[in-house]
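Chain residues, written in single-letter form:
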Amino acid sequence: MEWTMASSGMAEAAGTVITGLLAGGHEAYFVGGCLRDELLGRPVHDMDLTTSALPEAVMALFPRCVPTGLAHGTVTVLQNGYSFEVTTYRTESGYADHRRPEHVFFVSDVKEDLRRRDFTINAMCTGLNGVLIDPFGGERDLQLRRIRCVGQAEERFGEDALRMLRCVRFASVLDFAIAKNTWRGLMRQRDKLAHIAVERVRAEVERIVEGPHPQRGLALLLRSGLLPRGKAPFPWTGNDLAAAAARTAGLENLQDARLRWALLLHALGSSAAAADELLRAWTFPGTTRVSVVAVLRVREAWDAALSSVAPEAPGATEGLRRRWIAAVLAHGQSAAEGWLTLLAAAEDAAAGPVPAPDLAQGSAGAALARRAPGEASPSADAPARPASGEASTPARLLRSWTAAMPLRSLAELAVTGHELAELLQKQPGPWLGVLLNKLLLAAAAGDTANDKQLLLQEAQRMDRDEE
(Lines give C-alpha, C1' and ligand atoms only; values in the text may rest on other atoms or scores of the structure.)
Protein backbone atom coordinates (compact mmCIF):
# COMPACT_ATOMS: atom_id res chain seq x y z
CA MET A 1 0.00 0.00 0.00
CA GLU A 2 1.47 3.33 -1.08
CA TRP A 3 0.36 6.16 1.19
CA THR A 4 0.40 9.69 -0.19
CA MET A 5 -1.49 11.54 2.57
CA ALA A 6 0.26 10.04 5.62
CA SER A 7 3.77 10.77 6.82
CA SER A 8 6.28 8.24 5.53
CA GLY A 9 7.42 7.51 9.08
CA MET A 10 3.92 6.68 10.32
CA ALA A 11 3.09 4.60 7.22
CA GLU A 12 6.34 2.66 7.57
CA ALA A 13 5.78 2.03 11.29
CA ALA A 14 2.20 0.83 10.68
CA GLY A 15 3.47 -1.44 7.91
CA THR A 16 5.99 -2.92 10.35
CA VAL A 17 3.16 -3.77 12.76
CA ILE A 18 1.12 -5.40 9.99
CA THR A 19 4.19 -7.34 8.82
CA GLY A 20 4.72 -8.61 12.35
CA LEU A 21 1.12 -9.80 12.60
CA LEU A 22 1.33 -11.53 9.22
CA ALA A 23 4.57 -13.21 10.24
CA GLY A 24 2.79 -14.51 13.33
CA GLY A 25 0.23 -16.27 11.14
CA HIS A 26 -2.56 -13.69 11.44
CA GLU A 27 -4.46 -11.43 9.06
CA ALA A 28 -4.02 -7.65 9.43
CA TYR A 29 -5.29 -4.58 7.59
CA PHE A 30 -5.37 -0.79 7.64
CA VAL A 31 -8.98 0.13 8.44
CA GLY A 32 -11.44 2.98 8.79
CA GLY A 33 -10.69 6.68 8.78
CA CYS A 34 -7.10 6.50 7.59
CA LEU A 35 -8.16 4.71 4.41
CA ARG A 36 -11.16 7.02 3.92
CA ASP A 37 -8.97 10.13 4.17
CA GLU A 38 -6.30 8.66 1.89
CA LEU A 39 -8.92 8.00 -0.80
CA LEU A 40 -10.29 11.54 -0.37
CA GLY A 41 -6.85 13.13 -0.55
CA ARG A 42 -7.14 14.45 2.99
CA PRO A 43 -4.25 14.43 5.49
CA VAL A 44 -4.01 11.18 7.47
CA HIS A 45 -3.12 11.91 11.08
CA ASP A 46 -3.40 8.43 12.59
CA MET A 47 -3.83 4.84 11.50
CA ASP A 48 -6.01 2.10 12.97
CA LEU A 49 -5.38 -1.55 12.26
CA THR A 50 -7.64 -4.59 12.43
CA THR A 51 -6.48 -8.18 12.80
CA SER A 52 -7.61 -11.76 13.26
CA ALA A 53 -5.13 -12.05 16.17
CA LEU A 54 -6.60 -12.13 19.66
CA PRO A 55 -5.44 -9.33 22.00
CA GLU A 56 -3.17 -11.72 23.89
CA ALA A 57 -1.48 -12.75 20.65
CA VAL A 58 -0.94 -9.12 19.68
CA MET A 59 0.66 -8.39 23.03
CA ALA A 60 2.89 -11.44 22.71
CA LEU A 61 4.17 -10.28 19.31
CA PHE A 62 5.08 -6.71 20.26
CA PRO A 63 7.16 -5.83 23.33
CA ARG A 64 5.79 -2.29 23.66
CA CYS A 65 2.01 -2.41 24.08
CA VAL A 66 -0.71 -0.71 26.09
CA PRO A 67 -3.81 -2.81 26.92
CA THR A 68 -6.16 0.01 25.91
CA GLY A 69 -9.38 -1.97 25.87
CA LEU A 70 -8.83 -5.70 26.10
CA ALA A 71 -12.52 -6.44 26.67
CA HIS A 72 -13.26 -4.89 23.28
CA GLY A 73 -10.21 -6.39 21.62
CA THR A 74 -8.08 -3.25 21.39
CA VAL A 75 -4.35 -3.07 22.07
CA THR A 76 -2.24 0.02 21.40
CA VAL A 77 1.07 -0.97 19.82
CA LEU A 78 3.98 1.47 20.09
CA GLN A 79 6.30 1.35 17.11
CA ASN A 80 9.07 3.73 16.02
CA GLY A 81 7.61 6.62 18.01
CA TYR A 82 4.04 6.11 16.74
CA SER A 83 1.05 4.47 18.42
CA PHE A 84 -1.46 2.27 16.60
CA GLU A 85 -4.75 0.89 17.90
CA VAL A 86 -4.85 -2.75 16.84
CA THR A 87 -8.32 -4.28 17.25
CA THR A 88 -9.33 -7.91 16.86
CA TYR A 89 -12.12 -8.67 14.38
CA ARG A 90 -15.33 -8.61 16.39
CA THR A 91 -19.11 -8.42 16.39
CA GLU A 92 -21.20 -6.69 19.05
CA SER A 93 -24.64 -6.95 20.63
CA GLY A 94 -26.77 -5.66 23.48
CA TYR A 95 -26.41 -1.85 23.44
CA ALA A 96 -28.33 -1.25 26.67
CA ASP A 97 -27.19 2.35 27.09
CA HIS A 98 -27.35 3.15 23.34
CA ARG A 99 -23.61 3.76 23.40
CA ARG A 100 -21.45 0.75 24.31
CA PRO A 101 -22.06 -2.94 23.53
CA GLU A 102 -22.72 -5.30 26.42
CA HIS A 103 -21.36 -8.30 24.52
CA VAL A 104 -18.34 -8.55 22.22
CA PHE A 105 -17.56 -11.68 20.20
CA PHE A 106 -14.25 -12.15 18.43
CA VAL A 107 -14.61 -13.50 14.88
CA SER A 108 -12.30 -14.70 12.13
CA ASP A 109 -13.82 -12.91 9.09
CA VAL A 110 -12.84 -9.28 8.51
CA LYS A 111 -16.10 -8.65 6.64
CA GLU A 112 -18.04 -9.47 9.80
CA ASP A 113 -15.97 -6.87 11.60
CA LEU A 114 -16.66 -4.27 8.91
CA ARG A 115 -20.39 -5.03 9.15
CA ARG A 116 -20.56 -3.62 12.72
CA ARG A 117 -19.17 -0.21 11.73
CA ASP A 118 -21.18 2.98 11.43
CA PHE A 119 -20.90 4.27 7.85
CA THR A 120 -19.83 2.67 4.60
CA ILE A 121 -16.99 5.16 4.13
CA ASN A 122 -15.50 3.90 7.41
CA ALA A 123 -16.15 0.21 6.66
CA MET A 124 -13.27 -0.42 4.28
CA CYS A 125 -9.86 -1.97 4.81
CA THR A 126 -6.74 -2.78 2.84
CA GLY A 127 -3.60 -4.80 3.35
CA LEU A 128 0.01 -4.13 2.47
CA ASN A 129 -0.78 -5.07 -1.15
CA GLY A 130 -3.24 -2.15 -1.46
CA VAL A 131 -6.20 -4.35 -2.46
CA LEU A 132 -9.38 -2.71 -1.16
CA ILE A 133 -11.87 -4.80 0.84
CA ASP A 134 -15.12 -2.87 0.55
CA PRO A 135 -18.19 -5.09 1.00
CA PHE A 136 -20.66 -2.22 1.55
CA GLY A 137 -19.75 0.20 -1.23
CA GLY A 138 -17.80 2.76 0.76
CA GLU A 139 -15.56 3.77 -2.14
CA ARG A 140 -18.57 4.49 -4.34
CA ASP A 141 -20.15 6.54 -1.56
CA LEU A 142 -16.95 8.57 -1.40
CA GLN A 143 -17.24 9.19 -5.13
CA LEU A 144 -20.90 10.16 -4.73
CA ARG A 145 -20.01 12.33 -1.71
CA ARG A 146 -22.59 10.56 0.41
CA ILE A 147 -22.87 9.48 4.06
CA ARG A 148 -24.68 6.15 4.29
CA CYS A 149 -25.03 3.72 7.17
CA VAL A 150 -23.81 0.13 6.97
CA GLY A 151 -26.99 -1.95 6.83
CA GLN A 152 -30.14 -0.53 8.44
CA ALA A 153 -29.66 3.05 9.59
CA GLU A 154 -32.28 2.82 12.31
CA GLU A 155 -30.48 -0.20 13.75
CA ARG A 156 -27.02 1.47 13.63
CA PHE A 157 -28.29 4.62 15.36
CA GLY A 158 -30.18 2.57 17.92
CA GLU A 159 -26.98 0.73 18.83
CA ASP A 160 -24.99 3.91 19.38
CA ALA A 161 -26.94 7.18 19.47
CA LEU A 162 -23.75 9.24 19.15
CA ARG A 163 -23.56 8.02 15.57
CA MET A 164 -26.33 10.48 14.69
CA LEU A 165 -24.08 13.42 15.56
CA ARG A 166 -21.16 11.72 13.84
CA CYS A 167 -23.34 11.47 10.74
CA VAL A 168 -23.98 15.22 10.80
CA ARG A 169 -20.32 15.90 11.56
CA PHE A 170 -19.04 13.84 8.62
CA ALA A 171 -21.58 15.46 6.28
CA SER A 172 -20.48 18.90 7.51
CA VAL A 173 -16.71 18.41 7.56
CA LEU A 174 -16.59 16.53 4.24
CA ASP A 175 -19.40 18.60 2.68
CA PHE A 176 -21.25 15.37 1.79
CA ALA A 177 -24.95 14.65 1.41
CA ILE A 178 -26.71 12.22 3.74
CA ALA A 179 -28.45 9.27 2.10
CA LYS A 180 -32.24 9.43 2.38
CA ASN A 181 -32.59 6.16 4.30
CA THR A 182 -29.81 7.20 6.67
CA TRP A 183 -31.51 10.54 7.34
CA ARG A 184 -34.84 8.79 7.84
CA GLY A 185 -33.26 6.45 10.39
CA LEU A 186 -31.69 9.39 12.20
CA MET A 187 -35.01 11.19 12.51
CA ARG A 188 -36.66 8.08 13.90
CA GLN A 189 -33.97 7.53 16.53
CA ARG A 190 -33.11 11.12 17.45
CA ASP A 191 -34.78 10.95 20.90
CA LYS A 192 -32.09 8.46 21.93
CA LEU A 193 -29.49 11.24 22.01
CA ALA A 194 -30.74 11.79 25.58
CA HIS A 195 -28.68 8.71 26.55
CA ILE A 196 -25.36 10.24 25.48
CA ALA A 197 -23.03 12.05 27.90
CA VAL A 198 -22.81 15.82 27.50
CA GLU A 199 -19.04 15.63 26.97
CA ARG A 200 -19.48 13.34 23.96
CA VAL A 201 -22.14 15.56 22.41
CA ARG A 202 -20.06 18.69 22.99
CA ALA A 203 -17.01 17.11 21.35
CA GLU A 204 -18.98 16.34 18.17
CA VAL A 205 -20.61 19.78 18.04
CA GLU A 206 -17.18 21.39 18.52
CA ARG A 207 -15.87 19.53 15.50
CA ILE A 208 -18.86 20.73 13.48
CA VAL A 209 -18.62 24.39 14.48
CA GLU A 210 -14.83 24.48 14.22
CA GLY A 211 -14.72 22.52 10.95
CA PRO A 212 -14.45 23.79 7.37
CA HIS A 213 -18.21 23.99 6.67
CA PRO A 214 -19.83 25.00 9.99
CA GLN A 215 -22.94 26.55 8.49
CA ARG A 216 -23.76 23.34 6.65
CA GLY A 217 -23.40 21.42 9.90
CA LEU A 218 -25.53 23.92 11.82
CA ALA A 219 -28.23 23.71 9.14
CA LEU A 220 -28.27 19.91 9.48
CA LEU A 221 -28.45 20.18 13.28
CA LEU A 222 -31.38 22.55 12.91
CA ARG A 223 -33.22 20.21 10.53
CA SER A 224 -32.50 17.15 12.65
CA GLY A 225 -33.72 18.60 15.95
CA LEU A 226 -30.99 16.61 17.71
CA LEU A 227 -29.57 19.14 20.17
CA PRO A 228 -32.80 19.94 22.06
CA ARG A 229 -33.04 16.19 22.75
CA GLY A 230 -29.66 15.93 24.46
CA LYS A 231 -28.82 16.14 28.16
CA ALA A 232 -27.27 19.61 27.99
CA PRO A 233 -29.51 22.69 28.19
CA PHE A 234 -30.51 24.06 24.81
CA PRO A 235 -32.70 27.15 25.32
CA TRP A 236 -33.43 27.92 21.68
CA THR A 237 -36.28 27.01 19.35
CA GLY A 238 -36.02 26.07 15.70
CA ASN A 239 -37.05 29.64 14.81
CA ASP A 240 -34.20 31.00 16.94
CA LEU A 241 -31.74 28.79 15.10
CA ALA A 242 -33.13 29.72 11.71
CA ALA A 243 -32.85 33.43 12.52
CA ALA A 244 -29.31 32.96 13.84
CA ALA A 245 -28.24 31.27 10.60
CA ALA A 246 -28.74 34.54 8.75
CA ARG A 247 -26.44 36.33 11.22
CA THR A 248 -23.52 33.94 10.97
CA ALA A 249 -22.46 34.60 7.38
CA GLY A 250 -18.72 34.15 7.12
CA LEU A 251 -18.50 31.91 10.18
CA GLU A 252 -16.11 29.61 8.32
CA ASN A 253 -13.78 32.56 7.65
CA LEU A 254 -13.04 32.99 11.36
CA GLN A 255 -9.89 31.02 12.09
CA ASP A 256 -10.10 31.40 15.88
CA ALA A 257 -12.46 28.81 17.41
CA ARG A 258 -13.42 31.10 20.30
CA LEU A 259 -14.62 33.71 17.81
CA ARG A 260 -16.81 31.17 16.04
CA TRP A 261 -18.48 30.35 19.33
CA ALA A 262 -18.75 34.02 20.27
CA LEU A 263 -20.40 34.85 16.94
CA LEU A 264 -22.76 31.90 17.21
CA LEU A 265 -23.82 32.77 20.77
CA HIS A 266 -24.16 36.42 19.80
CA ALA A 267 -26.35 35.47 16.84
CA LEU A 268 -28.50 33.39 19.18
CA GLY A 269 -28.97 36.43 21.43
CA SER A 270 -27.06 35.13 24.45
CA SER A 271 -25.88 37.56 27.08
CA ALA A 272 -22.36 37.08 28.42
CA ALA A 273 -23.76 35.74 31.71
CA ALA A 274 -26.08 33.29 29.93
CA ALA A 275 -23.25 32.18 27.65
CA ASP A 276 -21.01 31.54 30.66
CA GLU A 277 -23.66 29.36 32.28
CA LEU A 278 -24.39 27.50 29.05
CA LEU A 279 -20.73 26.77 28.24
CA ARG A 280 -20.25 25.44 31.77
CA ALA A 281 -23.24 23.14 31.37
CA TRP A 282 -21.86 21.93 28.04
CA THR A 283 -18.51 21.13 29.75
CA PHE A 284 -16.42 23.43 27.58
CA PRO A 285 -12.82 23.82 28.81
CA GLY A 286 -12.40 26.79 31.12
CA THR A 287 -10.00 28.60 28.82
CA THR A 288 -12.48 28.43 25.93
CA ARG A 289 -15.39 29.53 28.11
CA VAL A 290 -13.53 32.50 29.60
CA SER A 291 -12.29 33.66 26.18
CA VAL A 292 -15.73 33.45 24.56
CA VAL A 293 -17.47 35.20 27.46
CA ALA A 294 -14.86 37.99 27.49
CA VAL A 295 -15.61 38.76 23.83
CA LEU A 296 -19.33 38.95 24.62
CA ARG A 297 -18.65 41.23 27.59
CA VAL A 298 -16.84 43.64 25.26
CA ARG A 299 -19.89 43.54 23.00
CA GLU A 300 -22.14 44.40 25.95
CA ALA A 301 -19.86 47.25 27.03
CA TRP A 302 -19.92 48.70 23.51
CA ASP A 303 -23.69 48.29 23.18
CA ALA A 304 -24.13 50.08 26.52
CA ALA A 305 -21.87 52.88 25.29
CA LEU A 306 -23.88 53.29 22.09
CA SER A 307 -27.14 53.35 24.02
CA SER A 308 -25.91 56.00 26.46
CA VAL A 309 -24.69 58.59 23.97
CA ALA A 310 -26.96 60.83 21.89
CA PRO A 311 -25.55 60.64 18.34
CA GLU A 312 -25.51 64.35 17.52
CA ALA A 313 -24.66 65.65 21.00
CA PRO A 314 -21.44 67.67 21.39
CA GLY A 315 -18.64 65.35 22.43
CA ALA A 316 -20.52 62.17 21.43
CA THR A 317 -17.56 60.58 19.69
CA GLU A 318 -15.18 61.47 22.51
CA GLY A 319 -17.59 59.93 24.99
CA LEU A 320 -17.69 56.75 22.94
CA ARG A 321 -13.90 56.74 22.64
CA ARG A 322 -13.51 56.84 26.41
CA ARG A 323 -16.12 54.12 26.90
CA TRP A 324 -14.32 51.93 24.36
CA ILE A 325 -10.96 52.43 26.08
CA ALA A 326 -12.57 51.53 29.41
CA ALA A 327 -13.90 48.32 27.85
CA VAL A 328 -10.45 47.39 26.52
CA LEU A 329 -8.93 47.95 29.96
CA ALA A 330 -11.68 46.05 31.76
CA HIS A 331 -11.83 42.97 29.53
CA GLY A 332 -8.42 42.84 27.90
CA GLN A 333 -7.00 43.64 24.49
CA SER A 334 -7.45 40.05 23.27
CA ALA A 335 -11.20 40.10 23.95
CA ALA A 336 -11.53 43.57 22.44
CA GLU A 337 -9.65 42.52 19.32
CA GLY A 338 -11.90 39.47 19.12
CA TRP A 339 -15.00 41.63 19.14
CA LEU A 340 -13.50 43.92 16.50
CA THR A 341 -12.79 40.89 14.31
CA LEU A 342 -16.47 39.91 14.52
CA LEU A 343 -17.54 43.49 13.88
CA ALA A 344 -15.28 43.77 10.83
CA ALA A 345 -16.51 40.42 9.50
CA ALA A 346 -20.10 41.63 9.78
CA GLU A 347 -19.21 44.86 8.01
CA ASP A 348 -17.55 42.91 5.20
CA ALA A 349 -20.68 40.75 4.90
CA ALA A 350 -22.74 43.94 4.64
CA ALA A 351 -20.44 45.00 1.74
CA GLY A 352 -20.07 48.58 2.89
CA PRO A 353 -19.30 50.95 5.73
CA VAL A 354 -22.82 50.80 7.13
CA PRO A 355 -22.66 48.86 10.41
CA ALA A 356 -24.07 45.35 10.17
CA PRO A 357 -27.28 44.64 12.09
CA ASP A 358 -26.85 43.61 15.72
CA LEU A 359 -23.09 44.09 15.80
CA ALA A 360 -22.79 47.88 15.68
CA GLN A 361 -26.19 48.88 16.90
CA GLY A 362 -27.44 52.22 18.11
CA SER A 363 -27.82 55.58 16.42
CA ALA A 364 -24.49 56.84 17.73
CA GLY A 365 -22.77 53.93 16.05
CA ALA A 366 -24.58 54.76 12.83
CA ALA A 367 -23.44 58.35 13.14
CA LEU A 368 -19.86 57.15 13.47
CA ALA A 369 -20.25 55.05 10.34
CA ARG A 370 -21.77 57.93 8.36
CA ARG A 371 -19.01 60.42 9.21
CA ALA A 372 -16.83 61.12 6.19
CA PRO A 373 -13.33 59.64 6.15
CA GLY A 374 -10.95 61.80 8.13
CA GLU A 375 -13.68 64.17 9.38
CA ALA A 376 -13.12 65.49 12.87
CA SER A 377 -15.17 64.14 15.73
CA PRO A 378 -17.66 66.39 17.59
CA SER A 379 -15.03 66.75 20.32
CA ALA A 380 -12.42 69.13 18.99
CA ASP A 381 -9.73 67.77 21.28
CA ALA A 382 -10.36 64.06 20.70
CA PRO A 383 -6.84 62.58 20.49
CA ALA A 384 -7.61 59.69 18.15
CA ARG A 385 -9.36 59.81 14.78
CA PRO A 386 -9.40 57.56 11.73
CA ALA A 387 -6.54 58.31 9.38
CA SER A 388 -7.36 60.46 6.40
CA GLY A 389 -8.72 58.38 3.53
CA GLU A 390 -9.65 55.46 5.77
CA ALA A 391 -13.24 54.24 5.59
CA SER A 392 -14.73 55.13 8.96
CA THR A 393 -16.48 51.88 9.74
CA PRO A 394 -17.02 51.27 13.46
CA ALA A 395 -14.45 48.45 13.49
CA ARG A 396 -11.72 50.61 11.95
CA LEU A 397 -12.52 53.54 14.17
CA LEU A 398 -12.43 51.40 17.30
CA ARG A 399 -9.18 49.83 16.15
CA SER A 400 -7.64 53.27 15.70
CA TRP A 401 -8.67 54.15 19.24
CA THR A 402 -7.12 50.95 20.58
CA ALA A 403 -3.91 51.49 18.62
CA ALA A 404 -3.58 55.01 20.04
CA MET A 405 -3.71 53.79 23.67
CA PRO A 406 -0.26 54.36 25.23
CA LEU A 407 -0.87 51.54 27.73
CA ARG A 408 -3.38 48.74 28.18
CA SER A 409 -2.88 47.26 31.64
CA LEU A 410 -2.08 48.19 35.25
CA ALA A 411 1.29 46.48 34.89
CA GLU A 412 2.29 49.25 32.46
CA LEU A 413 1.19 52.09 34.76
CA ALA A 414 4.17 54.16 35.93
CA VAL A 415 2.95 54.28 39.53
CA THR A 416 2.28 51.48 42.01
CA GLY A 417 -0.35 51.00 44.68
CA HIS A 418 2.31 51.16 47.38
CA GLU A 419 3.46 54.57 46.13
CA LEU A 420 -0.11 55.89 46.10
CA ALA A 421 -0.83 54.65 49.63
CA GLU A 422 2.40 56.25 50.86
CA LEU A 423 1.67 59.55 49.11
CA LEU A 424 -1.88 59.79 50.41
CA GLN A 425 -0.97 58.34 53.83
CA LYS A 426 -3.79 55.81 53.71
CA GLN A 427 -3.99 52.14 54.56
CA PRO A 428 -4.38 49.98 51.42
CA GLY A 429 -7.97 48.95 50.79
CA PRO A 430 -10.62 48.81 48.06
CA TRP A 431 -10.11 52.53 47.41
CA LEU A 432 -6.64 51.77 46.09
CA GLY A 433 -7.86 49.52 43.26
CA VAL A 434 -10.47 52.10 42.31
CA LEU A 435 -7.87 54.86 42.19
CA LEU A 436 -5.38 52.80 40.20
CA ASN A 437 -8.02 52.03 37.58
CA LYS A 438 -9.00 55.71 37.36
CA LEU A 439 -5.37 56.61 36.75
CA LEU A 440 -5.05 53.80 34.20
CA LEU A 441 -8.06 55.11 32.28
CA ALA A 442 -6.74 58.69 32.44
CA ALA A 443 -3.36 57.63 31.06
CA ALA A 444 -4.83 55.30 28.42
CA ALA A 445 -7.28 57.98 27.24
CA GLY A 446 -4.50 60.58 26.96
CA ASP A 447 -5.73 62.83 29.80
CA THR A 448 -2.32 62.62 31.41
CA ALA A 449 1.03 61.16 30.45
CA ASN A 450 2.12 57.84 31.89
CA ASP A 451 4.71 59.58 34.06
CA LYS A 452 5.15 58.85 37.77
CA GLN A 453 5.19 62.45 38.98
CA LEU A 454 2.25 63.50 36.81
CA LEU A 455 0.27 60.44 37.91
CA LEU A 456 0.98 61.17 41.58
CA GLN A 457 -0.24 64.74 41.09
CA GLU A 458 -3.36 63.42 39.34
CA ALA A 459 -3.93 60.97 42.19
CA GLN A 460 -3.82 63.83 44.72
CA ARG A 461 -6.34 65.76 42.66
CA MET A 462 -8.66 62.76 42.39
CA ASP A 463 -8.36 62.12 46.12
CA ARG A 464 -9.25 65.72 46.93
CA ASP A 465 -12.29 65.53 44.65
CA GLU A 466 -13.49 62.48 46.57
CA GLU A 467 -13.42 64.31 49.91
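Cut-offs applied
- Residues numbered from 1 in each chain as written.
- Predicted model: local features only at pLDDT ≥ 70, side-chain atom pairs only at ≥ 80, totals over all residues.
- Heavy atoms only, no water.
- Helix = DSSP H or I, 4+ residues; strand = E, 2+ residues; numbered from the N terminus.
- Buried < 20%, exposed > 50% of the residue type's maximum accessible area, 1.4 Å probe, protein only.
- Contact = heavy atoms within 4.5 Å.
- Core = buried A, V, L, I, M, F, W, Y, C linked by side-chain atoms within 4.5 Å.
- Axes fitted to C-alpha atoms, helices over the stretch in contact; angles between N-to-C directions.
- Parallel < 35°, antiparallel > 145°, perpendicular 65-115°, else oblique.
- Left-handed = near helix turned anticlockwise from the far one by under 90°.
- Nonpolar A, V, L, I, M, F, W, Y, C, P; charged D, E, K, R; others polar.
- Pairing = 2+ DSSP bridges.

With respect to the overall build of the protein chain
- A count of helical and extended segments in the protein chain gives 21 helices and eleven strands.
- Relative to its full complement of 467 residues, the protein chain shows a buried share of 48%.
- Sequence-distant contacts in the protein chain: of pairs separated by 6 or more residues, those separated by 24 or more amount to 65%.

A look at the nonpolar core
- Residues Ile147, Trp282, Trp302, Trp324, Leu413, Leu420 and Leu439 are the most contacted members of the largest nonpolar core, which totals 99 residues.
- Among the elements that line this core, the one with the most residues is helix α14 (residues 286-308), at nine residues.
- Among all residues touching Leu439, those that are not within four sequence positions of it are Leu413, Val415, Leu420, Leu455, Glu458, Ala459 and Met462.
- One finds Met10, Phe30, Val75 and Val86 within the second-largest nonpolar core, a separate group that totals 22 residues.

Some remarks on the packing of helix α12 (residues 257-267) against α14
- At a minimum axis distance of 9 Å, the contact between α12 and α14 shows a crossing angle of 50°. When the axis of α12 is compared with that of α14, the two are oblique. As for how α12 packs across α14, the hand of that crossing is right-handed. Here Arg258, Leu259, Trp261, Ala262, Leu265 and His266 of α12 lie close against α14, whose contacting residues are Ser291, Val292, Val295, Leu296 and Arg299.
- Of the residues belonging to the contact of α12 with α14, the class tally is seven nonpolar, two polar and two charged.

Points about the environment of Phe30
- Considering the arrangement of structural elements, one finds Phe30 in strand β1 (residues 28-31).
- Put simply, Phe30 and Gly15 are 15 residues apart on the chain and 8.9 Å apart in space, counted from C-alpha to C-alpha.

Observations concerning the pairing of β1
- Burial along β1 is two-sided: the residues Ala28 and Phe30 and Tyr29 and Val31 are all buried.
- Both β1 and strand β2 (residues 48-51) contribute to a ladder of four bridges, which runs antiparallel. Each bridged residue has a counterpart across the sheet, and for Tyr29 the counterpart in β2 is Thr50.
- Where β1 lies against strand β8 (residues 125-126), two bridges are found, and the strand directions are antiparallel. Its bridge partner being in β8, Phe30 is matched across the sheet by Thr126.

A closer look at unusual backbone geometry
- Despite not being glycine, Arg145 shows a phi value in the positive range, around 55°.
- Take Arg145: its relative accessible area is 41%, and that puts it in the partly exposed class.
- Residues other than glycine seldom take positive phi values, yet Asp175 does so here, at roughly 60°.
- Summarising the element assignment, Asp175 is placed in the loop between α7 (162-174) and β11 (177-178).
- Taking the relative accessible area as the measure of exposure, Asp175 reaches 33% and is therefore partly exposed.

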